[in-house]
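Summary of the model geometry
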Amino acid sequence: MDNCNNLDEKNTDDTIVLDIKNIIKVFNKGKWWLIGVFTIILIISLLLTFNFNKNSQYGVKLQLSVNSNNIDYQNIISASYPEDSDKLWMVSTTKWWIIGTYLDRINNEIKSEPIINELNKSLGLNTGNDELKKQIRVDIVTTTESNIVLTVYANDLDSAKKINESLIKIYTSKKINEFNNAYNILLKKVDNKLSITQQELQDLSKEAEEYVDSENKKLLEGLVESVNSDIVINFSSSNFIPPELQNKINVITGEYNSLASIKKNLIDCKEMYINRIVVQNLSDIEKNSFILRNILISLFASLFAGVIAVYIVNFVSKVRRK
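Residues numbered from 1 in each chain as written. Predicted model: local features only at pLDDT ≥ 70, side-chain atom pairs only at ≥ 80, totals over all residues. Heavy atoms only, no water.

What to know about the side chain of Ser302
Note the threshold: Strands here mean DSSP runs of E at least two residues long; helices mean DSSP runs of H or I at least four residues long; both are numbered from the N terminus. Burial status follows relative accessibility: with a 1.4 Å probe on protein chains alone, a residue under 20% of its type maximum counts as buried, one over 50% as exposed, and anything between as partly exposed. Contacts: residue pairs with any heavy atoms within 4.5 Å of one another.
Relative to the elements of secondary structure, Ser302 occurs in helix α11 (residues 291–321). Here Ser302 falls in the buried class, since its relative accessible area comes to 0%. What Ser302 contacts, discounting residues up to four positions off in sequence, is Phe38, Ile41, Leu42 and Ser45.

This is how it looks when you write it as structure tokens:
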């Protein structure tokens, strides 16, 4: 058997024995390959390790959710004004799944270029927007309720807190302005509809009064003509209204009361309709404790790559000599 194919082991009676001398000889010949590959892989892995862990020693968390209070009126408004309710991120008992849509919007918007650009300017950071985005993580969490966990990373705890607070302030302020505009449009629509309904109700009431007066007048005239002057008559006026007219009055009255109730709720609960995003501070603080582990992994990976390189070079050299 050719010794070239048995570089570092010998076969004696089915027992494999490592040949230490051959192993040392191989590594001695390929030491520069070992050193070179080890150095290159170590540098690359360390650069990647520190690049991935840059500005990520501490992580501060916030929880964001969509306001689901005042659900009865959110139900009513969602049914009566679907487009406006969508702009106000309203939820309803029949469309709980819509919360997931709103959380997706938060996920897309909070790391959008305008928000990150404004955050960068407000903090005066010497970093690009892409680097700043890497420090922000958005996770949609679905348990008994759906919400978003926003985590902001930085090299120190104070910086992480500052970036987190600034980001949520910029984003929620922008959304409050949007919701305020949508709220004012909705309130105006309700108010206009309420005025129209009030006028319709007044017209119907007048029509009903005229009908009652007309009928009572006819009744009185008929009684006067049909009796002798010496007979005493006890007369009571009629309040009868035709069913069709009464139904119209009932429908418009119900619509008016509903609109009046919606308007009152919109005014009384204005803050709830404008502050649609609920922010909750979380006590959890992430700390990156894996740097030493990553360095050790890089060392072992580099050494392993160097050893493999030595054996490959030795194998190629043997094959060429054949």
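Considerations on unusual backbone geometry
One non-glycine residue, Asn70, lies in the positive phi region at around 55°. Here Asn70 lies in the loop between β3 (58–66) and α3 (71–80). Phi angles above zero are rare outside glycine, and Trp89 is one such case at about 55°. Tracing the chain through its elements places Trp89 in the loop between α4 (82–87) and α5 (98–109).

Section: the packing of aromatic side chains
Formally: Paired rings are identified among Phe, Tyr and Trp, the last through its six-membered ring, by centres lying within 6.5 Å, and are further divided according to the angle between planes into stacked (under 30 degrees), edge-to-face (over 60) and tilted (the rest).
Taken as a whole, this structure holds three aromatic pairs when the rule is applied. Taking 5.3 Å as the distance between ring centres and 70° as the angle between the ring planes, the aromatic pair formed by Trp89 and Phe179 counts as edge-to-face. Of this pair, Trp89 sits in the loop between α4 and α5 while Phe179 is found in helix α8 (residues 157–226), placing the two residues 90 residues apart along the sequence. Looking at Trp89, the relative accessible area reads 2%, which means it is buried. In textbook terms, an aromatic cluster arises when at least three aromatic residues are bridged by ring pairs, as seen for Trp89, Tyr102 and Phe179.

Notes on the pattern of salt bridges
For clarity, the cut-off: What counts as a salt bridge is simple: a side-chain nitrogen of Lys or Arg found within 4 Å of a carboxyl oxygen of Asp or Glu.
All told, the structure shown has 11 salt bridges when counted by the stated rule. Ionic pairing is found between Asp139 and Arg137, a salt bridge with its closest N-O pair at 2.8 Å. For Asp139, a relative accessible area of 26% translates into the label partly exposed. Note that Lys263 and Asp191 form a salt bridge whose closest N and O atoms lie 2.7 Å from each other.

Concerning the pairing of strand β5 (residues 146–154)
Our working definition: Note on pairing: two strands pair once DSSP finds at least 2 bridges between them.
Buried residues dominate β5, accounting for eight of its nine residues. Judged from the seven bridges that link them, β3 and β5 form a sheet pairing that is antiparallel. Pairing of Lys61 across the sheet is with Thr151, part of β5. Looking at chain direction, strand β4 (residues 136–142) and β5 are connected through seven bridges and run antiparallel.

Details of a nonpolar patch on the surface
Which entries qualify depends on this criterion: Each patch is built from salt-bridge-free residues with over 30% relative accessible area, joining like charges within 9 Å and nonpolar side chains (Val, Leu, Ile, Met, Phe, Trp, Tyr) within 5 Å. In this description, accessible areas are obtained by the Shrake-Rupley approach with a 1.4 Å probe, and a residue is regarded as covered only by the protein chains that are shown.
Together, Phe304, Ile308, Ile312, Phe315 and Val316 make up a nonpolar patch on the protein surface, roughly 500 Å² of accessible area in all. Mapped onto the elements of the fold, Val316 is located in helix α11. Using a relative accessible area of 36% as the deciding quantity, one classes Val316 as partly exposed.

Here we look at α5
Put simply, the rule reads: A helix is expected to span 1.5 Å multiplied by its residue count minus one. Here the arc refers to the directions that run from the helix axis out to each C-beta atom.
Here α5 is 12 residues long and its end C-alpha atoms lie 17 Å apart, about the 16 Å a rise of 1.5 Å per residue gives. All buried positions along α5 are accounted for by Ile98, Ile99, Tyr102, Leu103 and Ile106. Looking down the long axis of α5, one finds its buried residues gathered within 145° of arc, a one-sided arrangement.

Focus on α3
Residues lying three or four places apart along an α-helix face the same way, a consequence of the helix completing one turn every 3.6 residues. Among the residues of α3, those classed as buried are Gln74, Ile77 and Ser78. The arc that holds the buried residues of α3, viewed along the axis, is 100°, so those residues lie on one side. α3 presents Asp72 and Ala79 as exposed residues on the side facing more than 90 degrees away from its buried surface.

Quick word on the confidence of the model for the protein chain
Let me state the cut-off plainly: The predictor attaches a confidence to each residue, called pLDDT, with possible values from 0 through 100.
Across the protein chain, the average pLDDT comes to 79, with 75% of residues at 70 or higher. Below a pLDDT of 50 lies the segment residues 1–13, which in the model reaches 24 contacts outside its immediate sequence neighbourhood of four places, other chains included. The low-confidence segment residues 231–238, where pLDDT is below 50, has nine contacts with residues more than four positions distant or belonging to other chains.

A look at the environment of Asn184
Note on placement: Asn184 falls in helix α8. Take Asn184: its relative accessible area is 38%, and that puts it in the partly exposed class. Residues Asn184 and Leu266 lie 82 residues apart in sequence; the distance between their C-alpha atoms is 9.7 Å.

Concerning the packing of α3 against helix α9 (residues 243–268)
Our working rule: To obtain each axis, a line is fitted to C-alpha atoms, and for helices this fit is confined to the stretch in contact; angles are then taken between N-to-C directions over 0 to 180 degrees. Angle categories: roughly parallel below 35 degrees, roughly antiparallel above 145, roughly perpendicular from 65 to 115, and oblique for all the rest. Crossing handedness is defined as follows: a turn of the near helix away from the far one that is anticlockwise and smaller than a right angle gives a left-handed crossing, while the clockwise case is right-handed.
Contact geometry of α3 with α9 gives a least axis separation of 11 Å together with a crossing angle of 125°. The angle between α3 and α9 places the two elements in the oblique class. Helix-helix and strand crossings are classified by hand; for α3 and α9 the assignment is left-handed. Residues Tyr73, Ile76 and Ile77 of α3 lie in contact with α9, whose contacting residues are Ser261, Ile262, Asn265 and Leu266.

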